[in-house]
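As a plain string of letters, each chain reads:
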Amino acid sequence: VEEELDPAEKELRAKLAQYRGVWVFIEQYQGEAAKVSWELLGVGKELAATLGVKLSALIIGHEVAHLCEEAFAYGADQAVVLDESVFKDYRTKPFTDAVCHLVEKHKPEVILMGATGQGRDLAGAVATIVKTGLTADCTGLGIDDKRNLMQTRPAFGGNIMATIMCDRFRPQMATVRPHVMAMPERKDGSKGVVILEQFYLREQDILAKVIETISDKGGADIDIAGAEIIVSGGRGLMNKDNFALLHELAVELGGVVGASRSAVDAGWMPHSRQVGQTGKTVRPKIYIACGISGAIQHLVGMQDSDVVIAINRDAEAPIFQVATYGIVGDLFQVLPALTRRVREM
Ligand code: FAD
């Protein structure tokens, strides 16, 4: 039985039906793609399969043709490419104008970007101009039976997980933080279609100029988001000096030290080490939580770690609900013993 629709609803559905395809924006810096872009191709592939559409990598930059091969290896069916000198460095206006132009032309149904500085900037600007919705910092993505993108993210200070959809606008846009989605398998030699695009922009019409780029890579602090082993400390550590216990274990394991927000707020660790909703999302092989209670805002940042080891003297602490191994005890006894044991191995 065909559903009776009023004319306005019919018109809306016909308009939405013009949009097809899943796009992933490939963020790159000097020709090197951000890992989150490949992670998004992984989840994008699943969404495209459910929708029965193609997965496209949107590549914008200068001398970036080589990224097509990589995008195909990570699952893209095609690459939509804008390769011009004005796109050498990321600048909001030219990138926004270019993406809006391509969206208008190709009408993708879904666009995913990394919740990085660049992705957050670009996604917000594009969504505003093409007049659609955007869900930031998603932790889960799926498709419902009406082709809507179900976008799950923590809401109300992390106390609930909200599933948001944008059922009356297209494209449906979401950003996802690095390390939230699993890396897809790389299949070198995979083939795809390259769609070379053009977008005319004169350098003199672009007001912003990049004068200097200062990288924080390899500088003052370590990027915990990419670490395979993290030894993390919370309020249970009592003070800054006691973090030495975590450093000792981390050194033995070849890992890095992370922290809860309480420890960061107390000034025991820099904010760059904070794990959680307002810190970093991590997905290490081993996450050792020491004196951390396991508040939801902390859990959303580390619960996808392969193995979670929790040390806490309170057997009821919520961290034990996500722990693979739990040690109920005083961390000031457990940690030195653990470090000694690892040293002996
Ligand atoms: P506590 O909750 O105080 O836990 C300390 C734990 O240490 C306790 O479980 C205790 O049993 C244990 N302990 C104490 N002494 C010992 C000992 N000697 N041996 C063993 N165990 C011991 N938090 C984050 O971590 N990251 C975020 O990104 C984040 N974002 C937030 C965003 C918002 C909007 C809000 C509202 C909150 C956010 N929080 C975040 C804060 C979060 O709600 C918690 O307050 C915080 O995670 C608690 O840190 P904690 O586990 O170190 O401290």
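Each value, and the rule that gives it
Residues numbered from 1 in each chain as written. Predicted model: local features only at pLDDT ≥ 70, side-chain atom pairs only at ≥ 80, totals over all residues. Heavy atoms only, no water. Helix = DSSP H or I, 4+ residues; strand = E, 2+ residues; numbered from the N terminus. Contact = heavy atoms within 4.5 Å. Areas by Shrake-Rupley, 256 points an atom, 1.4 Å probe, with all protein chains shown as cover. Lys, Arg positive; Asp, Glu negative; His and termini not counted. Charge placed at Lys NZ, Arg CZ, Asp CG, Glu CD. 1 Å grid on protein atoms, 1.4 Å probe; cavity = no way out; pocket = protein on both sides within 12 Å on 5 of 7 lines; lining within 4 Å. Points joined across faces, edges and corners; volume = space filled by probe spheres on them. Near = heavy atom within 4 Å. Polar contact = N/O pair within 3.5 Å; in protein donor to acceptor, adjacent residues only side chain to side chain. Sits in = over half its atoms within 2 Å of the grid points. Nonpolar A, V, L, I, M, F, W, Y, C, P; charged D, E, K, R; others polar. Axes fitted to C-alpha atoms, helices over the stretch in contact; angles between N-to-C directions. Parallel < 35°, antiparallel > 145°, perpendicular 65-115°, else oblique. Left-handed = near helix turned anticlockwise from the far one by under 90°. Salt bridge = Lys/Arg side-chain N within 4 Å of Asp/Glu carboxyl O. Buried < 20%, exposed > 50% of the residue type's maximum accessible area, 1.4 Å probe, protein only. Core = buried A, V, L, I, M, F, W, Y, C linked by side-chain atoms within 4.5 Å.

Peer 1: How would you explain the overall build of the protein if you had to name every residue and give the values?
Peer 2: Secondary structure assignment for the protein yields nine helices and 17 strands. Projected onto its principal axes, the C-alpha coordinates of the protein cover approximately 70 × 55 × 40 Å. Once local pairs closer than 6 in sequence are excluded, the contacts in the protein between residues at least 24 apart make up 63%. Total accessible area computed for the protein in this model is approximately 17,500 Å², and 52% of it derives from carbon and sulfur atoms. Counting 37 positive and 45 negative side-chain charges, the protein places the centres of these two groups 1 Å from one another.

Peer 1: Tell me what's going on with empty space enclosed by the protein, and back it up with residues and numbers.
Peer 2: Enumeration according to the criterion identifies one cavity of 30 Å³ or more in this entry. Of the voids in this model, the largest cavity is the one considered here, and its volume is about 30 Å³. Every residue along the wall of the largest cavity is listed here: F25, I26, Q28, I60, Y90, F95 and Q118.

Peer 1: Just give me the short version of the site of the ligand, but keep the residues and values in it.
Peer 2: Contacts to the ligand come from 26 residues, most closely from R235, S260, T278, S293 and N312. R261 places a main-chain nitrogen or oxygen 2.9 Å from an oxygen atom of the ligand. Measuring from a nitrogen atom of the ligand, one finds a backbone N or O atom of V275 at 2.8 Å. Protein contacts shield 79% of the accessible area of the ligand, which totals 980 Å² for the unbound molecule. Taken atom by atom, the bulk of the ligand overlaps the second largest pocket. Elements supplying a minimum of two residues to the shell around the ligand: helix 7 (261-265), helix 8 (296-299) and helix 9 (331-344). When the residues that make up the shell around the ligand are grouped by side-chain class, the tally is five nonpolar, 16 polar and five charged.

Peer 1: Run through the packing of helix 4 (residues 92-106) against helix 5 (residues 117-129), naming residues and quoting values.
Peer 2: Describing two packed helices takes the angle between their axes plus the distance from one axis to the other. For the pair helix 4 and helix 5, the least separation of the axes is 9 Å and the interaxial angle reads 50 degrees. It follows from the interaxial angle that helix 4 and helix 5 lie oblique. Classified by chirality, the crossing of helix 5 by helix 4 is right-handed. Along its contact with helix 4, which presents T92, F95, T96, V99 and C100, the element helix 5 presents D121, L122, A125, V126 and I129.

Peer 1: Report on the pattern of salt bridges, specifying residues and quantitative values.
Peer 2: Per the stated rule, a full pass over the model turns up 19 salt bridges. For R186, the salt bridge goes to D188, with nearest N and O atoms at 2.7 Å. D188 gets classed as exposed once you look at its relative accessible area, which sits at 57%. For D265, the salt bridge identified is with R261, shortest N-O distance 3.4 Å. Taken together, the residues span about one helical turn, with D265 and R261 both in helix 7 at a distance of four residues. Salt bridges linked by common partners bring E9, R13 and R168 together as one network.

Peer 1: Could you give an account of the nonpolar core, with specific residues and numbers?
Peer 2: Counting residues in each nonpolar core, the largest one holds 35 residues, and the members touching the most others are V22, I26, W38, L41, I59, L112 and L141. Elements represented by at least two residues in this core include exactly strand 1 (22-26), helix 2 (35-51), strand 4 (55-61), helix 3 (66-73), strand 5 (78-83), strand 6 (110-114), strand 8 (140-143) and strand 11 (172-176). In terms of residue count, helix 2 provides more of this core than any other element does, eight residues in total. Ignoring anything within four residues of it in the chain, the contact list for L41 reads V24, I26, L55, A71, Y74 and A76. The next biggest cluster of nonpolar side chains, apart from the first, holds 23 residues, and it includes V80, L82, M113 and I206.

Peer 1: I'd like a rundown of the side chain of E109, residues and numbers included.
Peer 2: Locating E109 in the fold gives a position in the loop between helix 4 and strand 6. Under the relative-accessibility criterion, E109 is labelled buried at 2%. If we skip the residues at most four places from it in the chain, E109 touches Y19, R20, G21, L51, V53, R147, R170, P171 and Q172.

Peer 1: Could you give an account of the layout of surface pockets, naming the residues involved and the relevant values?
Peer 2: To find leftover empty space, a probe the size of one water molecule is rolled over the atoms. As a volume, the second largest pocket reaches approximately 550 Å³. Lining of the second largest pocket is provided by 28 residues; of these, G234, R235, G291, I292 and S293 occupy positions nearest its centre. For the lining of the second largest pocket, the elements supplying multiple residues, two or more each, are helix 7, helix 8 and helix 9. Class assignment for the residues of the lining of the second largest pocket results in eight nonpolar, 15 polar and five charged.

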